[in-house]
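Structure at a glance
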Amino acid sequence: MLLTMFKGKIHRATVTEANLNYVGSITIDEDLLDAAGILPGEKVQIVNNNNGERLETYTIAGKRGSGVICLNGAAARRVQPGDIVIIIAYCMIDAEEAKAFKPNVVVLDHANKIIEIDYEEKHGDIK
């Protein structure tokens, strides 16, 4: 049996751009993708802390070190630059592997710089 598990996330990213006239997706600084274990083209869920919107799209690697978090295409209507979002990736793994699996949790500051990388979340953690 395969389970869908939380694989990695970029926590409290600040949206830097919203580009309605792009084909679609989310552009993310490649350093942040690497830290979270998320690949270009991978499906992700975006959760907007400012308005509660949730959407799914795929990732595009942005310039390393730029801090770019840009929602493209129709998704640009669901965010504003300055919004705080959580970007979550999931994976399908077998039940035995899932017991020992540890996700990558990348916590950012207001400028989209990494302030912490962890490998688990516990209820009550405030990041």
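Our structure's up above, just so we're on the same page.
This structure is a prediction, so every number in the text was calculated from the model and none was measured. (Residues numbered from 1 in each chain as written. Predicted model: local features only at pLDDT ≥ 70, side-chain atom pairs only at ≥ 80, totals over all residues. Heavy atoms only, no water.)

By the criterion of burial, strand S7 (residues 84–94) is predominantly enclosed, with 8 of the 11 residues buried. The sheet contact formed by strand S1 (residues 2–14) and S7 spans 10 bridges and is antiparallel. Bridge pairing links isoleucine 10 to isoleucine 87 in S7. When strand S4 (residues 43–48) meets S7, the two strands line up antiparallel, connected through 4 bridges. Each bridged residue has a counterpart across the sheet, and for isoleucine 46 the counterpart in S7 is isoleucine 87. (Buried < 20%, exposed > 50% of the residue type's maximum accessible area, 1.4 Å probe, protein only. Helix = DSSP H or I, 4+ residues; strand = E, 2+ residues; numbered from the N terminus. Pairing = 2+ DSSP bridges.)

Counting 22 residues, the largest nonpolar core has Ile10, Ile69 and Ile87 as its most contacted members. Within the residue set of this core, elements represented by two or more residues are S1, strand S3 (25–29), helix H1 (30–36), S4, strand S6 (69–72), S7 and strand S8 (104–108). The biggest single contributor to this core is H1, with 4 residues. Sequence-distant contacts of isoleucine 10, that is, excluding residues within four places in its chain, are made with Ile28, Leu32, Leu33, Ala36, Ile38, Val85, Ile86, Ile87, Val106 and Leu108. (Core = buried A, V, L, I, M, F, W, Y, C linked by side-chain atoms within 4.5 Å. Contact = heavy atoms within 4.5 Å.)

Mapped onto the secondary structure, leucine 3 falls in strand S1. For the pair leucine 3 and glutamate 97, spaced 94 residues apart in the sequence, the C-alpha separation amounts to 9.6 Å. Excluding its chain neighbours within four sequence positions, the residues that come into contact with leucine 3 are Cys91, Met92, Ile93, Ala95 and Ala98.

The next thing to look at is the sheet that holds S8. Neighbouring strands of a sheet are bound in pairs by backbone hydrogen bonds; such pairs are parallel or else antiparallel. Here 9 strands make up an open sheet; going across it, the order is S2-S6-S3-S5-S4-S7-S1-S8-S9 and the pairing mixed. Both outer strands of the open sheet, strand S2 (17–19) and strand S9 (114–118), are each paired with one neighbouring strand and no more. Across this sheet, the average inter-strand angle for adjacent strands is 30 degrees, counted without regard to direction. In this structure, S3 lies alongside strand S5 (residues 54–62), joined through 4 bridges in parallel fashion. By the bridge assignment for S5, isoleucine 28 is matched with alanine 61. (Axes fitted to C-alpha atoms, helices over the stretch in contact; angles between N-to-C directions.)

On to the side chain of asparagine 48. Locating asparagine 48 in the fold gives a position in strand S4. For asparagine 48, the side chain forms a polar contact with the side chain of asparagine 51, separated by 3.4 Å. In contact with asparagine 48, not counting residues within four places along its chain, are Glu53, Arg78, Val79, Asp83, Ile84 and Val85. (Polar contact = N/O pair within 3.5 Å; in protein donor to acceptor, adjacent residues only side chain to side chain.)

Although it is not a glycine, arginine 12 sits at a positive phi angle of roughly 65 degrees. On the secondary structure map, arginine 12 appears in strand S1. A positive phi angle, near 65 degrees, is found at asparagine 112, a position not held by glycine. By secondary structure assignment, the location of asparagine 112 is in the loop between S8 and S9. The buried category is assigned to asparagine 112, whose relative accessible area is 3%.

On the surface, a cluster of nonpolar side chains totalling about 330 Å² of accessible area is made up of Tyr22, Val23 and Tyr58. Mapped onto the fold, tyrosine 58 is located in strand S5. (Patch = residues over 30% accessible without salt bridge, like charges linked within 9 Å, V, L, I, M, F, W, Y side chains within 5 Å. Areas by Shrake-Rupley, 256 points an atom, 1.4 Å probe, with all protein chains shown as cover. Salt bridge = Lys/Arg side-chain N within 4 Å of Asp/Glu carboxyl O.)

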